[in-house]
Each structure stands twice: as C-alpha cells, then as structure tokens.
Amino acid sequence: MPTTPLLKYNHGDHQITQIDQKKLQELEKRYKNLTELSHCEKSCFSYSNCILRNTQSAAEITAHLLDALNIVMVPLATIPVWHNDTLAALNIAILCVEGVNIVVKEIIKRAQLTNNSMIKLEKALLGDNNV
C-alpha cells in the first residue's frame, strides 16, 4: 500500500495509508457537521453581541451625561437664594442622579464581563484555538 506523510512532530515522520486518509477526511467532515453552528445559532450570537456591546456603549454615554448633570446640579444647589421647596427638589434630584449613575456604572462593569464571556464562548464553539 502506498503511504504519504501526514504529520510531522517530535522529529519523526508518521505514515498513513490512503484508505486511512479517506477515513480521516470523512471523520473530519462528520466532526465539522456536528460542531458547526447552525444559521439560527450564528444569528443568536450576532444579535446578542450587538445588544451586549451596544448596552455597554449606551451605559457609558449615560454615565458621562449623568456626571455632567451632577457637575451642573451640585453648584446650583449651593446658591443661597433658592426657596426651601426648590432646594429640597434639587437635593432630591441630585441624589436620584447619583443613584442612577451608580447603577449605570455597575451595568458597564457587568457588560464588560458578559462581553468577554460571550467572546470566549463564541470562539470555543467556532473552534478557535486562541481562547
């Protein structure tokens, strides 16, 4: 039977027959069919990546806007000419803005972790060796 070198490692040549090569190619095709993502799975990954990445971006923009709003509102609350009701409303608004800002910053942290996890999972499912 004729043989051809298939793999070379550890300074040795390993020979494989043509029949075994055909079997190996067929097994590789079957493995690919078993492990390949379906169109639906690819669409789900694409959709989830879009949503997650945009969630992080939207949260970052919101955090910057809330920081800017806080920078404006805090000095306004220190003006002594405000009526007591107005001052109370300003202080409540400042507290609400700061609370939402804390939540948004936590969303940013979680989104980063989720994005990294999704990227690792997608690479693992696609058979990328650099996971």
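Residues numbered from 1 in each chain as written. Predicted model: local features only at pLDDT ≥ 70, side-chain atom pairs only at ≥ 80, totals over all residues. Heavy atoms only, no water.

A. Spatial organisation of the overall build of the chain. Within the chain one finds 3 helices and 2 strands. From first element to last, N terminus to C terminus, the chain shows the α and β order β-β-α-α-α. Residues classed as buried in the chain amount to 17% of the 131 residues present. Relative to all contacts within the chain whose residues are 6 or more apart in sequence, the contacts with residues 24 or more apart total 54%. Carbon and sulfur atoms form 62% of the exposed surface of the chain, whose accessible area is close to 10400 Å². (Helix = DSSP H or I, 4+ residues; strand = E, 2+ residues; numbered from the N terminus. Buried < 20%, exposed > 50% of the residue type's maximum accessible area, 1.4 Å probe, protein only. Contact = heavy atoms within 4.5 Å. Areas by Shrake-Rupley, 256 points an atom, 1.4 Å probe, with all protein chains shown as cover.)

B. Region of interest: the pattern of salt bridges. Under the criterion given, the structure shown has 2 salt bridges. Across the pair Arg110 and Glu106 runs a salt bridge, and its minimum N-O distance is 3.1 Å. A residue pair is termed a helical-turn pair when its members lie 3 or 4 positions apart in one helix, as Arg110 and Glu106 do in helix H3 (residues 84-126) at 4 residues. Overall, Glu106 belongs to the partly exposed group, its relative accessible area being 34%. (Salt bridge = Lys/Arg side-chain N within 4 Å of Asp/Glu carboxyl O.)

C. Representation of a nonpolar patch on the surface within the structure. Taken together, Val72, Leu76, Ile79, Val81 and Trp82 make up a surface patch of nonpolar side chains, about 430 Å² in accessible area. The residue Leu76 is located in helix H2 (residues 39-77) in this model. (Patch = residues over 30% accessible without salt bridge, like charges linked within 9 Å, V, L, I, M, F, W, Y side chains within 5 Å.)

D. Structural context of the nonpolar core. Among the nonpolar cores identified, the biggest contains 10 residues, and these are Ala59, Ala63, Leu66, Met73, Ala77, Leu90, Ile94, Val97, Val104 and Ile108. Only H2 and H3 provide two or more residues apiece to this core. Excluding residues within four positions of it along the chain, Met73 makes contact with Leu90, Ala93, Ile94 and Val97. (Core = buried A, V, L, I, M, F, W, Y, C linked by side-chain atoms within 4.5 Å.)

E. Representation of the environment of Glu60. Tracing the backbone shows Glu60 in helix H2. A relative accessible area of 30% places Glu60 in the partly exposed class. Placed 49 residues apart in sequence, Glu60 and Lys109 show a C-alpha to C-alpha distance of 10.0 Å. In this view, Glu60 contacts Ile108 and Gln112; residues no more than four positions away in its chain are not counted.

F. The arrangement of the confidence of the model for the chain in detail. Averaged over every residue, the pLDDT of the chain is 80; residues scoring 70 or more account for 85%. Element-level pLDDT for the chain is lowest in strand E1 (residues 3-9), with a mean of 51, against a maximum mean of 87 in H3. (pLDDT = per-residue confidence, 0-100.)

G. How the structure looks around the environment of Leu125. Relative to the helices and strands, Leu125 resides in helix H3. Among the residues examined, Leu125 registers a relative accessible area of 38% and is labelled partly exposed. Those residues in contact with Leu125 that lie beyond four places of it in its chain are Thr35, Leu37 and Phe45.

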